[in-house]
Amino acid sequence: MVVPRTRIRNIGISAHIDSGKTTLSERILFYTGRIHAIEEVRGGGKGATMDFTDLEREHGITISSAATSCQWHDTQINLIDTPGHIDFTIEVERALRVLDGAVMVLCAVAGVQSQSITVDRQMKRYDVPRIAFINKMDRTGANPFKVVEAMHDALNLNALLLEYPIGAESDFQGVIDLIGMEAHFYEGENGENWVKREIPHGLKQQAENSREKMLDTLSLFSEEMTEKLVEGEEVSQELIWNTIRQATLNLELVPVLIGSAFKNKGVQNLLDAISLYLPSPVDKDCMTATVVETGESVDIKLNSEAPFVALAFKLTMESFGQFTYIRVYSGTLNQGDTIYNSRTGKKVQVGRLVRIHADKREIINQAVAGDIVALLGVDCASGDTFCSSEIRVALEDIFVPEPVITLAIEPKKNQDLDKISKALNRFQKEDPTFRVKVDKESNETLISGMGELHLEIYIERMKREYFLDIAVGKPKVSYREAISQRATFDYKLKKQTSGPGQYAHVVGYIEPCEEQFVFENKVFGGAIPKEYIGGVEKGFLEAMNLGMLEGYPVMGVKIVLENGSHHMVDSSEFAFRMAAQQAFTQAFMKAKPHLLEPIMQVEVETPDEFLGRVQGDLSSRRGLLLGSSALQGFTIVRAEVPLTQMFGYSSKLRSLTSGMATFSMQFGCYRKA
């Protein structure tokens, strides 16, 4: 059965770690009939459907995003469950890059947490409309109104509650739908009997007040609704739904629903909201792509009859070959078609097309614009664009954050060198935030990633999947280098050998700036011909990547090229590249260089009785305490701490708080060491 494009929802579920994303995904699959029994993340059974790897089940966290597809009434929902841990943020980044809409899950007790802020920033980066689901309404201290307030204050979102809770904490029974003005209850062993009744007498007034506030907010987006409210007329459900949908698609509103996934309450309402308010592939604006040959921008519109264009957003290597997850933006792809990789220019024969359901595969014959599917056995890199022969364009790549932590590794047996090389090549291909390099001086193999857990998972995978015995060095921090003041350069490269010589002369200055790298060309009168300017910029960039103090990349430098000279015969782009590298070294050492260290944003949730110990320990780690917020019996402490001081923090925190506190951290900024 071909589902109309207007009835498809490509959505992701994103949130702070432990907000209940995977538990919610499990309920969505159960209520849509995709699975017939509910498993829990830490339930001791088979484990949640979307956390299907052994490591995910052992750690009780999502490590890689998992895709599935299910049907809610007449709507097909293509769903990606993403990790909450900051170490696996690339999984969220690339999922949001290709999705049309998202569900942002927030804890009813903790509200907006550090990773909620990161997820919000990622959704804004890709203009992804979202619905918010306030989960864990059954927990002590649950307060959805406080969470909505935090969404306004901390995330600057126009959050609008569409439901009112019936009870809270252990007494949470269901929700009042403020649009239909009905009370919703969830009966049966797994809440599968969705019962609608009259609003309990004691809550009628609160529900009416909340509905009035909701309609007031919505009237800002609809003149028709404003007129009806002014004239005292009844506002129809259809008008409310359409107004919410339009404001959500325009990124002017975030509808908020409430429930408890673990207690099987409120999930069916969320499924209705996904269908009603989130965009179909047809609703999304056309994608902008770049024509490879000319560099011109073109619009790619959702049209199954147009030339084929798709983005490879995720790779996984499996025993029978590489799985390439693609989002089809235009055209139709059939099994056996020949397509082109616009980065390499190579032809690709499509052998097998599959639809993914967690760790299960369903072979399909065709994918059309708006679909998310996978190709089997196609060699490519994450972020590559595939096209048909009529068009060769490149879609915007995925934002990849820089790694902050490095470990030295080596196999304990020399005969395992080949195996370790194979494993590292595979992991690098799958995960753009996992980097490998060999230290030229010590000849050590260095792996870099987003955090201790990130690298720990890959080391564990090497042991399990490749049966490797590995020696691991102490973690090293990825510092950066920067300059403190302006400094000039005037470098002349002049080499004469028996063949053609090398001549290049560059004059200018470098100075600190806010951006990563800025290059400004102020050369007039052809002192350096235009065709060599690109070589100068390339040379400066190469020098910055090498670093001068400790070999770490340099950041925050503006380079202004003011003058220079060239030779009619001996000058070349290569000569100007070499001259620029030497000129940068010359100026860098005069510009008072210094090291920058990564500062992490740390959030600790601790029982009140341990608050003093936690704050004292963070201060002893050179931490800057930013503030705290009180929950019932718990306090959330926020601080900025240098990454060097955070190694081994999880075990220290466990011993300080008898294992009762939890923490999360994410990269904040670089600061002078």
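All residue numbers refer to positions counted from 1 along the written sequence of the respective chain. Whole-chain, interface and lining totals are the exception, using all residues; otherwise, since this is a predicted model, local features are given only for residues with pLDDT of at least 70 and side-chain atom pairs are given and counted only at 80 or more. As a rule here, side-chain values cover all heavy atoms of the structure and leave hydrogens and water aside.

- Named according to an unreviewed UniProt entry, the protein chain is Elongation factor G originating from Calothrix parasitica NIES-267.
- Among the UniProt annotations of the protein chain, the heading Subcellular location (unreviewed entry) holds the following wording: "Cytoplasm". UniProt positions are given in the numbering used here, feature names are shortened, and annotations may be inferred rather than shown by experiment.

**Observations concerning the overall build of the protein chain**
Inference 1: Helix and strand counts for the protein chain come out as 15 helices and 38 strands.
Inference 2: Note on method: radius of gyration uses C-alpha positions; expected globular size equals 2.2 Å times residues raised to 0.38. Relative to a compact globule of 673 residues, whose C-alpha radius of gyration would be 26 Å, the protein chain shows 28 Å and is just as compact.
Inference 3: Taking the principal axes of its C-alpha atoms as reference, the protein chain extends roughly 95 × 65 × 60 Å.
Inference 4: Only protein chains enter the accessibility calculation, which uses a 1.4 Å probe. A residue is then buried if its area is under 20% of the maximum for its type, exposed if over 50%, and partly exposed in between. Relative to its 673 residues, the protein chain shows a buried fraction of 54%.
Inference 5: Note on contacts: a residue pair qualifies if any of its non-hydrogen atoms lie within 4.5 Å across the two residues. Within the protein chain, counting contacts between residues at least 6 apart in sequence, those at least 24 apart form 71% of the total.
Inference 6: Note on areas: Shrake-Rupley, 1.4 Å probe, and residue coverage restricted to the protein chains presented here. Total accessible area computed for the protein chain in this model is approximately 29800 Å², and 48% of it derives from carbon and sulfur atoms.
Inference 7: His is not counted, nor are the chain ends, whereas Lys and Arg count as positive and Asp and Glu as negative. A single reference atom marks each charge: NZ on Lys, CZ on Arg, CG on Asp, CD on Glu. Distance from the positive charge centre (73 side chains) to the negative charge centre (90 side chains) of the protein chain: 6 Å. Labels follow the DSSP assignment, with helices taken as runs of H or I lasting at least four residues and strands as runs of E lasting at least two, numbered in each case from the N terminus.

**Examining the packing of aromatic side chains**
Inference 1: For this analysis, a ring pair means two rings from Phe, Tyr or Trp (six-membered ring only for Trp) whose centres lie within 6.5 Å, classed as stacked if their planes differ by under 30 degrees, edge-to-face if by over 60, and tilted for the remaining angles. Summed over the entire model, instances satisfying the criterion amount to 14 aromatic pairs.
Inference 2: Judged by centre distance (4.9 Å) and plane angle (45°), the rings of Phe427 and Tyr458 are tilted. Of this pair, Phe427 sits in helix α10 (residues 417–430) while Tyr458 sits in helix α11 (residues 452–465), placing them 31 residues apart in sequence.
Inference 3: Using a relative accessible area of 0% as the deciding quantity, one classes Phe427 as buried.
Inference 4: Geometrically, a charge over a ring is one whose NZ (Lys) or CZ (Arg) sits within 6 Å of the ring centre while staying within 35 degrees of the ring normal. The positively charged end of Lys314 is found above the aromatic ring belonging to Tyr325, 5.8 Å away from the centroid.
Inference 5: In this arrangement the basic side chain of Arg486 is found over the ring face of Tyr509, its NZ or CZ atom lying 3.5 Å from the centre.

**Comments concerning the pattern of salt bridges**
Inference 1: Any Lys or Arg side-chain nitrogen found within 4 Å of a carboxyl oxygen on Asp or Glu counts as a salt bridge. One pass over the full model with this rule turns up 24 salt bridges.
Inference 2: One salt bridge connects Asp384 with Arg343, and the closest N-O pair in it is separated by 2.7 Å. In this pair, Asp384 sits in the loop between β22 (372–376) and β23 (385–387) while Arg343 sits in the loop between β17 (338–341) and β18 (347–349), placing the two residues 41 residues apart along the sequence.
Inference 3: Using a relative accessible area of 3% as the deciding quantity, one classes Asp384 as buried.
Inference 4: The salt bridge involving Arg671 is made with Glu640; its shortest N-O contact spans 2.8 Å. Placement of the pair is Arg671 in strand β38 (residues 662–672) and Glu640 in strand β37 (residues 634–642), with a sequence separation of 31 residues.
Inference 5: For Arg671, a relative accessible area of 36% translates into the label partly exposed.

**Topic: the packing of helix α14 (residues 611–620) against helix α15 (residues 649–656)**
Inference 1: Two numbers describe how α14 lies on α15: the axes approach to 10 Å, and their chain directions differ by 150°. Classed by the angle they form, the pair α14 and α15 counts as roughly antiparallel. For the element pair α14 and α15, the recorded crossing hand is right-handed. Two secondary-structure elements touch here, α14 through Arg613, Val614, Asp617 and Leu618 and α15 through Tyr649, Lys652, Leu653 and Leu656.
Inference 2: Basically, the charged four are Asp, Glu, Lys and Arg, the nonpolar ten are Ala, Val, Leu, Ile, Met, Phe, Trp, Tyr, Cys and Pro, and anything else, Gly included, counts as polar. The class makeup of the residues in the contact of α14 with α15 is 5 nonpolar, no polar and 3 charged. Inter-axis angles, ranging from 0 to 180 degrees, are taken between N-to-C directions of lines fitted to C-alpha atoms, where helices are fitted over the stretch in contact. An angle counts as roughly parallel when it lies under 35 degrees, as roughly antiparallel when it exceeds 145, as roughly perpendicular when it falls between 65 and 115, and as oblique in every other case. The crossing is said to be left-handed when, going from far helix to near helix, the turn is anticlockwise and less than a right angle, and right-handed when the turn is clockwise.

**Overview of unusual backbone geometry**
Inference 1: Look at Leu251: it is not a glycine, yet its phi comes out positive at around 65°.
Inference 2: Tracing the backbone shows Leu251 in the loop between α8 (237–249) and β11 (254–258).

**Overview of the domain arrangement of the protein chain**
Inference 1: Domain assignment breaks the protein chain into domain 1 (5–277), domain 2 (286–395), domain 3 (405–477), domain 4 (485–591) and domain 5 (598–672).
Inference 2: Each of domain 2 and domain 4 has a C-alpha centre, and the two are 40 Å apart. Where each domain starts and ends follows an automatic or database-derived domain assignment.

**Structural notes on the packing of helix α1 (residues 21–31) against helix α9 (residues 267–277)**
Inference 1: Relative orientation of the contacting elements α1 and α9 amounts to 80°, with a least axis distance of 10 Å. Taken as axis vectors, α1 and α9 run roughly perpendicular relative to one another. Of the residues in α9, those in contact with Leu24, Arg27, Ile28 and Tyr31 of α1 are Val267, Gln268, Leu270 and Leu271.
Inference 2: Classifying every residue of the contact of α1 with α9 by side-chain character gives 6 nonpolar, 1 polar and 1 charged.

**Overview of α8**
Inference 1: Here α8 contains 13 residues, and its C-alpha end-to-end distance of 18 Å stays within 8% of the 18 Å for a straight helix at 1.5 Å per residue.
Inference 2: Along α8, the residues that are buried comprise Leu239, Ile240, Thr243, Ile244, Arg245, Ala247, Thr248 and Leu249.
Inference 3: As for α8, its buried residues are in contact with β1 (8–15), β5 (130–135), α6 (204–219), α7 (223–230), β11 and α9.
Inference 4: A positive backbone phi angle near 65° is found at Leu251, which sits one or two residues after α8. By this rule the span expected of a helix is its residue count minus one, scaled by 1.5 Å.

**Structural notes on the state of the cysteines**
Inference 1: Throughout, a disulfide means two cysteine sulfur atoms within 2.5 Å of one another. Enumeration according to the criterion identifies 0 disulfides in this entry.
Inference 2: Free cysteine: Cys387, not disulfide-bonded; nearest cysteine sulfur from Cys380 at 12 Å.

**Details of the nonpolar core**
Inference 1: Throughout, nonpolar core names a set of buried Ala, Val, Leu, Ile, Met, Phe, Trp, Tyr and Cys residues whose side chains join them through atoms within 4.5 Å. Of all hydrophobic cores here, the largest spans 58 residues; its most connected members are Met151 and Val256.
Inference 2: For this core, the leading source of residues is helix α3 (residues 89–98), giving 5 residues.
Inference 3: Residue-level mapping places this core at the junction of two domains, with at least three residues from each of domain 1 (5–277) and domain 2 (286–395).
Inference 4: With residues near it in sequence (within four places) discarded, Val256 still touches Ala132, Ile134, Val148, Met151, Ala159, Leu160, Leu161, Leu162 and Glu163.
Inference 5: Among the nonpolar cores identified, the runner-up in size contains 49 residues, and Ile28, Ile35, Val103 and Ile176 belong to it.

**A look at the pairing of strand β14 (residues 309–318)**
Inference 1: Of all 10 residues that make up β14, 8 are buried, and the element is covered over most of its length.
Inference 2: For two strands to pair, DSSP has to find at least two bridges joining them. One ladder, built from 9 bridges, connects β14 with strand β15 (residues 321–330); its direction is antiparallel. Residue pairing across strands places Thr316 opposite Phe323, the latter belonging to β15.
Inference 3: Where β14 and β23 come together, 3 bridges link them in antiparallel fashion. Within β23, the position partnered with Ala310 by the bridge is Phe386.

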